[in-house]
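This is what each chain is made of:
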Amino acid sequence: MYTRMVATGSLFALFLLIILSVFYYLAFPIENWQLLWTTKVLEIPFVVMLPTITILFGSIIGIIIAAIWQRRIQFLENSLARLLKNQTFSDPVSYEEMNHVLSRLKEVQQYIQDQTKRTQKLIDERASAQEETINQVISEERNRLARELHDSVSQELFAASMLVSAVIASNKEQKEIKTKQLHQIEAMIQQAQLEMRALLLHLRPVLLKDKSLNEGMEQLLEELHAKVPMDISWRLEEIKVNKGIEDQLFRILQEALSNALRHAKASTIDVLLIKRDDFLILRIVDDGIGFNVQEKKESSYGLTNMYERVAEVGARLNIVSLENEGTKIEVRVPLISEEGGKE
């Protein structure tokens, strides 16, 4: 911006100099052009000094204009960033024309909050309606689980049984080979068990029934901690939200835990549920092998489900995953009161 403004100011000043010089010549014709070279200012020929000062003046004006616009553009960027994060705007700025823009942005933020409130209300109503069809949902989940068990766990167990047969048939082979094969069998069976437990997470009902979000998550994590060889820790605050948000966050937690068990090869999982700055925050962190977020986002059914669920409650989903360092999944749900403002 500074480069463009300086160049524009200099060219404009030079163009204005040329126009004024032409009018001056038409009004007062110069008889001796050599005077322009012989007449000096500060030991510099007048014909050189005049355009130099003009260009310098234009450059200064360009810098001043660029600085003014830079402040306004920075203000717009900061305001849009706050709008994206659903944060309150700062006090009106000193330049009046930006106050009008700020008022428009507040209107847009209010509109987004109203839409989010209506969306959350619809999700709450839908969650209540789903109570009547819970048996059908469980049946569909069990059918899906049966198909996945056939496609994944059954194949793992079949391969393990084939290796067992190979060990039995290799009585004449060296002991080291048998030991290696047995270790392979052990690893495959352990992976199959993790797959089984991850898939069983999806047998839970979609809705929490009479449990709060905190109680449902704690029960799920306690059961999982007792069954899997992982260090699972959690900190869950008691937070009151509508039924629709509770159900969506509970299913997101299920999906995240399932992915960590089946794919992450993690040794620790940490779950956090807190309320901060008018946001409900759910964070799941593991120390697994990580993955490419963009590639998985396009091909993973589970991640697609997560993004759809957070969109339905007007929330934001942020996934950060680094190779061999782990994955962090964070959901931020804006808490909006019935009057349309933040709680």
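Residues numbered from 1 in each chain as written. Predicted model: local features only at pLDDT ≥ 70, side-chain atom pairs only at ≥ 80, totals over all residues. Heavy atoms only, no water.

Quick word on the nonpolar core
(1) Moving on: Grouped together as the largest cluster of nonpolar side chains are 41 residues, with contacts concentrated most on Met217, Leu249, Leu282 and Val331.
(2) Moving on: With ten residues, helix H8 (residues 243–264) is the single largest residue contributor to this core.
(3) Moving on: Discounting chain neighbours no more than four positions away, the residues touching Met217 are Leu236, Leu249, Phe250, Leu253, Leu273 and Leu282. (Core = buried A, V, L, I, M, F, W, Y, C linked by side-chain atoms within 4.5 Å. Buried < 20%, exposed > 50% of the residue type's maximum accessible area, 1.4 Å probe, protein only. Helix = DSSP H or I, 4+ residues; strand = E, 2+ residues; numbered from the N terminus. Contact = heavy atoms within 4.5 Å.)

Quick notes on the pairing of strand E6 (residues 316–322)
(1) Moving on: With burial as the criterion, only one face of E6 is covered, namely that bearing Leu317, Ile319 and Ser321; the residues Arg316, Asn318, Val320 and Leu322 on the opposite face remain uncovered.
(2) Moving on: Sheet topology note: the E6/strand E7 (residues 326–334) ladder contains seven bridges and is antiparallel. If you follow Asn318 over to E7, its bridge partner there is Glu330.
(3) Moving on: Taking the residues between adjacent antiparallel strands as the criterion, E6 and E7 are bridged by three residues, where Asn324 takes a positive phi near 65 degrees. (Pairing = 2+ DSSP bridges.)

A look at the environment of Phe15
(1) Moving on: Following the sequence through the fold, Phe15 ends up in helix H1 (residues 2–27).
(2) Moving on: Taking the C-alpha atoms as reference points, Phe15 and Thr54, 39 residues apart in sequence, are found 9.6 Å from one another.

A few points about the confidence of the model for the protein
(1) Moving on: Confidence along the protein averages 76 in pLDDT terms, with 68% of residues attaining 70 or more.
(2) Moving on: The lowest-confidence element of the protein is helix H6 (residues 175–200), averaging 65 in pLDDT; the highest-confidence one is strand E5 (residues 279–286), averaging 94. (pLDDT = per-residue confidence, 0-100.)

Describing the pattern of salt bridges
(1) Moving on: One pass over the full model with this rule turns up four salt bridges.
(2) Moving on: Where Arg276 meets Glu237, a salt bridge forms, and the shortest distance between an N and an O atom there is 3.2 Å. Of the two residues, Arg276 sits in strand E4 (residues 268–276) while Glu237 sits in the loop between strand E3 (231–236) and H8, which places them 39 residues apart along the sequence.
(3) Moving on: Accessibility expressed as a relative area gives 24% for Glu237, which makes it partly exposed.
(4) Moving on: Put simply, Arg332 and Glu330 hold a salt bridge, and the shortest N to O gap is 3.9 Å.
(5) Moving on: In the salt-bridge network here, residues are joined through shared partners; they are Arg235, Glu237 and Arg276. (Salt bridge = Lys/Arg side-chain N within 4 Å of Asp/Glu carboxyl O.)

As for unusual backbone geometry
(1) Moving on: Unlike most non-glycine residues, Asp278 shows phi in positive territory, near 65 degrees.
(2) Moving on: Counting through the fold element by element, Asp278 comes out in the loop between E4 and E5.
(3) Moving on: The partly exposed category is assigned to Asp278, whose relative accessible area is 23%.
(4) Moving on: In this structure, Asn324 is a non-glycine residue whose phi angle is positive, near 65 degrees.
(5) Moving on: Note that Asn324 resides in the loop between E6 and E7.
(6) Moving on: Residue Asn324 is classed as exposed on the basis of its relative accessible area, which comes to 59%.

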